[in-house]
Amino acid sequence: DLETDLTCYAPCLETGEERVVVPRAKTWIATPDRQKNPNYLGPLPLDQLSQQIATSRGPSGPNSEYLFMLCEAMREYGL
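So, here is what we can say about the structure in this document. These figures come from a predicted structure and were not determined experimentally.

## As for the overall build of the chain
In step 1: Assigned secondary structure in the chain consists of two helices and four strands.
In step 2: Traced from its N-terminal end to its C-terminal end, the chain shows the element sequence β-β-α-β-β-α.
In step 3: When each of the 79 residues of the chain is scored for burial, the buried share is 9%.
In step 4: Counting contacts in the chain only where the partners sit at least 6 residues apart, residues at least 24 apart contribute 16% of the total.

## A look at helix α2 (residues 63–76)
Since the α-helix turns once every 3.6 residues, residues separated by three or four places project in the same direction.
In step 1: Counted at 1.5 Å a residue, the expected span for α2 with its 14 residues is 20 Å, and the 20 Å between its end C-alpha atoms agrees.
In step 2: A positive phi of about 70° marks Gly78, the residue just after α2.

## Some words on the side chain of Thr31
In step 1: Its place among the elements puts Thr31 in the loop between β2 (18–28) and α1 (46–55).
In step 2: At 3.2 Å, the side chain of Thr31 forms a polar contact with the backbone nitrogen of Asp33.

## Quick word on the side chain of Ser56
In step 1: Among the secondary structure elements, Ser56 is positioned in the loop between α1 and β3 (57–58).
In step 2: Overall, Ser56 belongs to the buried group, its relative accessible area being 17%.
In step 3: A distance of 2.7 Å separates a polar atom in the side chain of Ser56 from the backbone oxygen of Gln52.

## Let's talk about the layout of surface pockets
In step 1: Its volume calculated, the largest pocket comes out at about 1,700 Å³.
In step 2: Along the wall of the largest pocket there are 31 residues; nearest its centre are Trp28, Ala30, Asn63, Tyr66 and Leu70.
In step 3: Of all the secondary structure elements, the ones that give two or more residues to the lining of the largest pocket are β2, α1, β3, β4 (61–62) and α2.
In step 4: By residue number, the principal contributor to the lining of the largest pocket is α2, which donates six residues.
In step 5: The residue makeup of the lining of the largest pocket, split by class, is 17 nonpolar, ten polar and four charged.

## As for a nonpolar patch on the surface
In step 1: Taken together, the side chains of Tyr66, Leu70, Met74, Tyr77 and Leu79 define a hydrophobic patch exposed on the protein surface, amounting to about 620 Å² of accessible area.
In step 2: Within the element layout of this structure, Leu70 appears in helix α2.
In step 3: Residue classification places Leu70 among the partly exposed positions, given a relative accessible area of 35%.

Rules used in this analysis
- Residues numbered from 1 in each chain as written.
- Predicted model: local features only at pLDDT ≥ 70, side-chain atom pairs only at ≥ 80, totals over all residues.
- Heavy atoms only, no water.
- Helix = DSSP H or I, 4+ residues; strand = E, 2+ residues; numbered from the N terminus.
- Buried < 20%, exposed > 50% of the residue type's maximum accessible area, 1.4 Å probe, protein only.
- Contact = heavy atoms within 4.5 Å.
- Expected span 1.5 Å × (residues − 1).
- Polar contact = N/O pair within 3.5 Å; in protein donor to acceptor, adjacent residues only side chain to side chain.
- 1 Å grid on protein atoms, 1.4 Å probe; cavity = no way out; pocket = protein on both sides within 12 Å on 5 of 7 lines; lining within 4 Å.
- Points joined across faces, edges and corners; volume = space filled by probe spheres on them.
- Nonpolar A, V, L, I, M, F, W, Y, C, P; charged D, E, K, R; others polar.
- Patch = residues over 30% accessible without salt bridge, like charges linked within 9 Å, V, L, I, M, F, W, Y side chains within 5 Å.
- Areas by Shrake-Rupley, 256 points an atom, 1.4 Å probe, with all protein chains shown as cover.
- Salt bridge = Lys/Arg side-chain N within 4 Å of Asp/Glu carboxyl O.

Structure, rendered in structure tokens:
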């Protein structure tokens, strides 16, 4: 299965005790295995990849919105 729930823990800086920092997160695991992930496009040139992202939509909304929100979150974490 390519979907799983997970809980993330991190040590408290004051006590060193592990605490839950993300109580429940939905995670999808990408795989190039076409049997498990029929929507995998494989490596594409940037112009083709950009076109796919700009025009595709999934059950959670447009792919472009997901990309922009992912970029924003990564910037917030300094990644």
